[in-house]
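Breakdown of the fold
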Amino acid sequence: MWEKKPVLLIVLATGVILIGTIITMVLPFAWVNTEADRIEGVKPYSALQQEGRDIYIREGCNNCHTQTVRPLVSDVLRYGDYSKSGEFVYDRPFLWGSKRTGPDLARLGGKYPDAWHYQHMESPRAMVPKSNMPDYGWLSANQLDPQVIQHKMETLGFPFTAEEINALKGKTEMDAMVAYMQKLGSDIPWRQNAKTEIVGDLTNPYAGVGHATMEPWEELYQQNCAACHGEHMEGVIGPELIGGDYDDEVLFEIIYTGIADGGMPSFSNLGTDKVWKLVNFVKYYHLGEGH
Amino acid sequence: MENRAYNYAIVRSFVTWSVIWGLVAVLVGVIVSLQMVEPDLNFPPYLTFGRLRPIHTNAGIYGWGVGVIFATFLYIVQRLCKTPLWSDKLAKFQLWFFNATIIASAVTLLLGYTTSKEYHEMEWPIDVMIVILWVAFAINIVMTILKRKDEQMYISLWYMLAAIIGVAILFTVNAAAVPASLFKSYSAYAGTNDANVEWWFGHNAVAMALTAPPLAMFYYFLPKTTGVPIYSHRLSITAFWSLIFMYLWTGAHHLLWTPVPDWIQTLAMGFSVMLIAPSWGSVFNGYLSMNGQWHQMRENYLVKYLILGITFYGLQTLQGPMQAIRTFSAFIHYTDWVPAHIHMGTMGWVSMISFASIYFLIPRIYGREVYSIPLANLQFWLILVGQLIWSISLWIAGVLQAGMWNAMNPDGSLTYTFMETMVEMYPYWWARVFGGLIYMAGLVVFIYNLYMTVSKGKPLATQTASVEGRA
Amino acid sequence: MDLGSLLYLGVTFGLFVIFVLIVMRTYSRKRKDEGEIAKYRMLDDD
Ligand code: HEM
């Protein structure tokens, strides 16, 4: 039979290949991206954001970054609410990625102020010394071409206005990239919903410790805060830190939950112990040995 | 050599070009591995990690992998069918179009024209070229088989036919896109659908390009090298049908815990585990063929390559199903464990078989004895050690990083920030650079050996032709 | 059991039967020689 008839073998092999294909690849189209997946509030990309997305693809950022948070404790704690199918209906192509050389970016929107992104893209190592992310400052030198972008929006069938396209004039690829970064994962109001709850009494476990005890905590500050508040708390993207202005508990809340609208990220994933160390460090360290 | 009508010229050309693209792939691999530890080695806009990595993977799979497939299939099909190639002109076209496609891919990827879909990064004009290339190849193979002299088809021909069909279906479906310009297109599928289609393609590219063809090669070159037939043709057939049936269900094991519907993930998980059976069907068939012939492992360097190759295939197809299990995936997914898995497959399985095949072919297509068997042995150890350093260090790295990502404080918070886990990777990434350099040294020895064979090798005495390979 | 589950079981069982048939055919005593002939023939293609 088919041992001697190549054409028959080809036909049979094709049939065999198609069974799994139809069931696991074709059939799902009946469920995925249908009304059942729809999420109120998920909007198509604006012209500027879509262009940022195309640049993200062009530069192959997806080779180091994923864009999907799994419903696993460690993923959700580290990155935010897990990803839902309906959030991706406008993604052509999908950009979930397969390797986290850098952190997941699915919930990046609103995590940092724009200024942070401009500086980070310009020189990741100036913000995060051990990063291996390439410098992308050169994106600022490339002007956007509104005509091309309009054509792309038409191809995608995304809504846009003439003003929106006009406003692209004079903008750079860097502007587009930052706009895209700020849109990521922010179509659902997960940050408000997830406003970290602080349980129990807030009592400073390190109240009154000496300067010497705090010295090793400087490392924590330099790693997590210096990029925005400056090496000596003098303020860069975030304000100068004059810890004395706040009570311990208030300071704890600011650091633990962040100030979402102000661009101060939440540091709840450091854990309460480290946050308390930071509270003490910010408030008392600069007072010096005498304290 | 007796039958002058066989077209060996085309095999010679494909061997040469596949080796050239193989060197490019490994070289770019070493460069990107250096960029990961030394980011100052990024030279924007063209020579950055994000743009170079796809050149490494595509040069490896399509330049080296598919190049060797073309070379060996065009040889094997003539021998097994006992008839010359259907069309020499078409084969010649295939050769130059292949090189044109690879060069066009490399250039456009450097320029940033990419779809971002893994192993399918090239933009739509190149996709069109690939389709033309594949059709040309398919016609020649199928027509040659149709006019064969031997009625029974040996298992290698089955795998060839399945690979030809499989790649054609997978590639065209995943390529569907709406062009916005000559070098920018948007996928025809969106979001979760796009992901599911892409990994249906991605995993079965592994099946149809990195499993079926090397198996076709293995089933042909092992008995040819040892001089004894494979253990069981019927076992190979049973494994064949099961393999091509099961593979297509497993794509979603790349998407465990993502928004892809759960039932697809579960099917993928189940079928991945079942895949052990047909995979090991081939592994056992290989081992059992060695019954009474194990002494050849010592005496014949080609056997060493082939048996090590099938062993890595066996390990790969145990590790793969393990990774396809939800709980295990939750741990190692997205870490450096996965590249370690890939490179056991590509450097260990696919390349070992490819090196053996080329060493087997060279005397037959050039009529010269291999220049130096000691060099071939040296190469064996260099690529083996290089690959083991590569994979083992990154398995450790993957487990380490996964452990740190999951570590929790007693109060339920995470123990480590992302960067605290990432800086731990540097020593292992350096070890990878080191392993990669050793592997590349092995490749250079290979190329030197081939070059010396072709230019200075002793002419082959005709009667030794059938036992050549045995040292 | 609803229609879906029945369909599911039916398809699975059908596939299994096809597999068994292929194995039985491949390994039937009648075809032993025919099934293995290719592996000998491939050795003398020189
Ligand atoms: C039974 C056979 C196999 C199974 C079930 C399997 C399973 C898997 C799984 C589950 C992954 C995803 C890992 C993750 O991202 O968490 C993976 C990745 C991969 N495997 Fe295998 N594997 C098998 C054999 C092979 C073979 C023979 C090769 C040949 C080289 C191979 C090459 C790859 C490649 C290239 C990837 C990377 C995909 C990516 O870019 O993310 N696999 N495999």
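Residues numbered from 1 in each chain as written. Chains lettered and ligands numbered in written order. Predicted model: local features only at pLDDT ≥ 70, side-chain atom pairs only at ≥ 80, totals over all residues. Heavy atoms only, no water.

**With respect to the overall build of chain C**
For the record, the criterion: Only DSSP runs of H or I reaching four residues or more are called helices, and only runs of E reaching two or more are called strands; each is numbered from the N terminus. Accessibility here uses a 1.4 Å probe with only protein chains present; expressed as a share of the type maximum, an area under 20% marks a residue as buried, one over 50% as exposed, and anything in between as partly exposed. The positive count covers Lys and Arg only, the negative count covers Asp and Glu only, and His and the chain ends enter neither. To locate a charge, take atom NZ for lysine, CZ for arginine, CG for aspartate or CD for glutamate.
The helix and strand tally for chain C stands at two helices and zero strands. By principal-axis analysis of the C-alpha atoms, chain C measures approximately 60 × 25 × 5 Å. Within chain C, buried positions represent 17% of all 46 residues. The distance from the centre of the 7 positive side-chain charges to the centre of the 7 negative ones in chain C is 9 Å.

**What about the packing of aromatic side chains?**
Note the threshold: Each aromatic pair joins two rings of Phe, Tyr and Trp (for Trp, the six-membered one) with centres within 6.5 Å, and gets the label stacked for planes under 30 degrees apart, edge-to-face for over 60, and tilted for any other angle. Charges are assigned to positions over rings by a cutoff of 6 Å between ring centre and Lys NZ or Arg CZ, combined with an angular limit of 35 degrees from the ring normal.
This structure, assessed with the given rule, holds 55 aromatic pairs over all chains. With a centroid separation of 5.7 Å and an interplanar angle of 85 degrees, the aromatic rings of A:Tyr90 and A:Phe158 are classed as edge-to-face. Placement of A:Tyr90 in the loop between helix 3 (73–79) and helix 4 (114–122) and of A:Phe158 in the loop between helix 6 (146–156) and helix 7 (162–166) is noted, with a sequence separation of 68 residues between them. Among the residues examined, A:Tyr90 registers a relative accessible area of 26% and is labelled partly exposed. Judged by its relative accessible area of 8%, A:Phe158 falls in the buried class. Residues B:Trp158 and B:Phe240 carry aromatic rings whose centres are separated by 5.5 Å and whose planes lie at 90 degrees to one another, so their mutual orientation is edge-to-face. One end of the pair, B:Trp158, is in helix 5 (residues 155–175); the other, B:Phe240, is in helix 8 (residues 233–246), with 82 residues separating them in the sequence. The same class applies to B:Trp158 and to B:Phe240, which are both buried. An aromatic cluster of at least three residues, connected via ring pairs, comprises B:Trp64, B:Tyr301, B:Tyr305, B:Phe355, B:Tyr359, B:Phe380, B:Trp381 and B:Phe446. For the cation-ring pair, B:Arg12 lies above B:Tyr366, with the distance from its terminal atom to the ring centre recorded as 5.5 Å.

**A short note on the interface of chain B and chain A**
The following threshold applies: Contact definition: two residues touch when any of their heavy atoms are within 4.5 Å. Once two parts are brought into contact, the accessible area they lose, counted with a 1.4 Å probe and summed over both, makes up the buried area. Should a side-chain nitrogen of Lys or Arg be within 4 Å of a carboxyl oxygen of Asp or Glu, the pair is scored as a salt bridge. Within 3.5 Å is the distance limit for a polar contact, defined as a pair of N or O atoms, with the added protein rule that one can donate a hydrogen and the other accept it, and that residues adjacent in sequence qualify only through two side-chain atoms.
Taken together, the contact pairs 93 residues of chain B with 83 residues of chain A. Summed over both sides, the interface between chain B and chain A buries roughly 7,600 Å², with carbon and sulfur atoms accounting for 66% of that surface. When residues of chain B are sorted by the area they lose upon contact with chain A, B:Tyr186, B:Tyr334 and B:Leu414 head the list and together hold 11% of the total. When the shortest N-O distance is used, the salt bridge between A:Lys99 and B:Asp336 registers 3.1 Å. Linking chain B with chain A are 28 residue pairs in polar contact (both at pLDDT 80 or more). Of the residues forming the side of chain B that touches chain A, the biggest block, 11 residues, is contributed by helix 6 (residues 191–210) of chain B.

**A closer look at the coordination of the iron atom of the ligand**
The following threshold applies: Each metal site is built from N, O and S donor atoms within 2.8 Å (3.2 Å for Na, K and Ca), and since water is not included, such sites may look incomplete.
For the iron atom of the ligand, the protein supplies a single donor, B:His341 (NE2), at a distance of 2.2 Å. By secondary structure assignment, the location of B:His341 is in helix 14 (residues 337–366).

**A few points about the site of the ligand**
Where we set the bar: Any residue with at least one heavy atom within 4 Å of a molecule or strand is counted as near it.
Close to the ligand lie 26 residues, the nearest being B:Glu118, B:Tyr119, B:His333, B:His341 and B:Ile342. Per-site note: the chains with residues close to the ligand are chains A and B. For the ligand, an oxygen atom lies 3.5 Å from a polar atom in the side chain of A:Ser98. Contact distances for the ligand include 2.8 Å between an oxygen atom and a side-chain N or O atom of B:Tyr119. For the shell around the ligand, the elements supplying multiple residues, two or more each, are helix 6, helix 12 (301–323) and helix 14 of chain B.

**Details of the side chain of A:Glu87**
Residue placement: A:Glu87 occurs in the loop between helix 3 and helix 4. For A:Glu87, the residues in contact, after removing those within four places along its chain, are A:Ile39, A:Val42, A:Tyr82, A:Arg107, A:Gly185 and A:Ile188.

**What about the pattern of salt bridges?**
In total, this model carries 25 salt bridges over all chains according to the counting rule given. A salt bridge links A:Lys84 to A:Asp81; its shortest N-O distance comes to 3.0 Å. Note on A:Asp81: relative accessible area 26%, which makes it partly exposed. Residue B:Arg326 is joined to B:Asp262 by a salt bridge in which the shortest nitrogen-to-oxygen separation is 3.9 Å. Residue B:Arg326 is located in helix 13 (residues 326–332), and its partner B:Asp262 is located in helix 9 (residues 262–274); the two are separated by 64 residues in the primary sequence. On the basis of relative accessibility, which here comes to 18%, the residue B:Arg326 falls in the buried class. Exposure remark for B:Asp262: the relative accessible area of 52% places this residue in the exposed category.

**Observations regarding the packing of helix 5 of chain B against helix 6 of chain B**
Residues and elements named next belong to chain B. Operational definition: To obtain an axis, a line is fitted to C-alpha atoms, over the contacting stretch when the element is a helix, and the angle between two such axes runs from 0 to 180 degrees between their N-to-C directions. Working definition: roughly parallel below 35 degrees, roughly antiparallel above 145 degrees, roughly perpendicular at 65 to 115 degrees, and oblique for all remaining angles. Handedness of a crossing is defined here by the sense of rotation of the near helix relative to the far one, left-handed for an anticlockwise turn of less than a right angle and right-handed for a clockwise turn. Polar here means any residue other than Ala, Val, Leu, Ile, Met, Phe, Trp, Tyr, Cys and Pro, which are nonpolar, and Asp, Glu, Lys and Arg, which are charged; Gly is therefore polar.
One can describe the packing of helix 5 onto helix 6 by two numbers: an axis separation of 9 Å at closest approach and a directional angle of 160 degrees. If you check the angle between helix 5 and helix 6, you find them roughly antiparallel. The handedness of the crossing between helix 5 and helix 6 is left-handed. When helix 5 is examined against helix 6, the residues Ala162, Ala163, Gly166, Val167, Ile169, Leu170, Phe171, Val173 and Asn174 are found in contact with a partner set consisting of Val197, Glu198, Trp200, Phe201, Asn204, Ala205 and Met208. Residue composition of the contact of helix 5 with helix 6, by class: 12 nonpolar, three polar and one charged.

**A look at the domain arrangement of chain A**
It is common to give the size of an interface as the accessible area that goes away when the parts come together. All names here are of chain A. Put simply, the test is: Segmentation of the chain into domains, including their bounds, is taken from an automatic or database domain assignment.
Entries for chain A in the domain assignment read domain 1 (47–193) and domain 2 (211–287). Each of domain 1 and domain 2 has a C-alpha centre, and the two are 27 Å apart. Residue-level contacts link 11 residues of domain 1 with eight residues of domain 2. Between domain 1 and domain 2 lies a buried interface of about 690 Å² when both sides are counted; carbon and sulfur atoms form 68% of it. Counting every contact that joins domain 1 to domain 2 gives zero salt bridges.

**As for the packing of helix 2 (residues 49–81) of chain B against helix 4 (residues 124–146) of chain B**
All names here are of chain B. The N-to-C vectors of helix 2 and helix 4 enclose an angle of 15 degrees; their axes lie 9 Å apart at closest approach. Taken together, the axes of helix 2 and helix 4 are roughly parallel relative to one another. Once helix 2 is placed against helix 4, the crossing between them reads as left-handed. Along its contact with helix 2, which presents Val66, Ile69, Phe70, Phe73, Leu74, Val77 and Cys81, the element helix 4 presents Leu133, Trp134, Phe137, Ile141, Thr144 and Ile145. Along the lines of polarity and charge, the residues of the contact of helix 2 with helix 4 split into 12 nonpolar, one polar and no charged.

**Comments concerning the environment of B:Pro259**
Inspection of the secondary structure assignment puts B:Pro259 in the loop between helix 8 and helix 9. Expressed as a C-alpha distance, the spacing of B:Pro259 and B:Asn196, which sit 63 residues apart in the sequence, is 10.0 Å. Non-local contacts of B:Pro259, meaning those with residues more than four positions away in its chain, are made with A:Thr68, A:Ser83, A:Lys84, A:Ser85, A:Phe88, A:Trp96 and B:Thr192.

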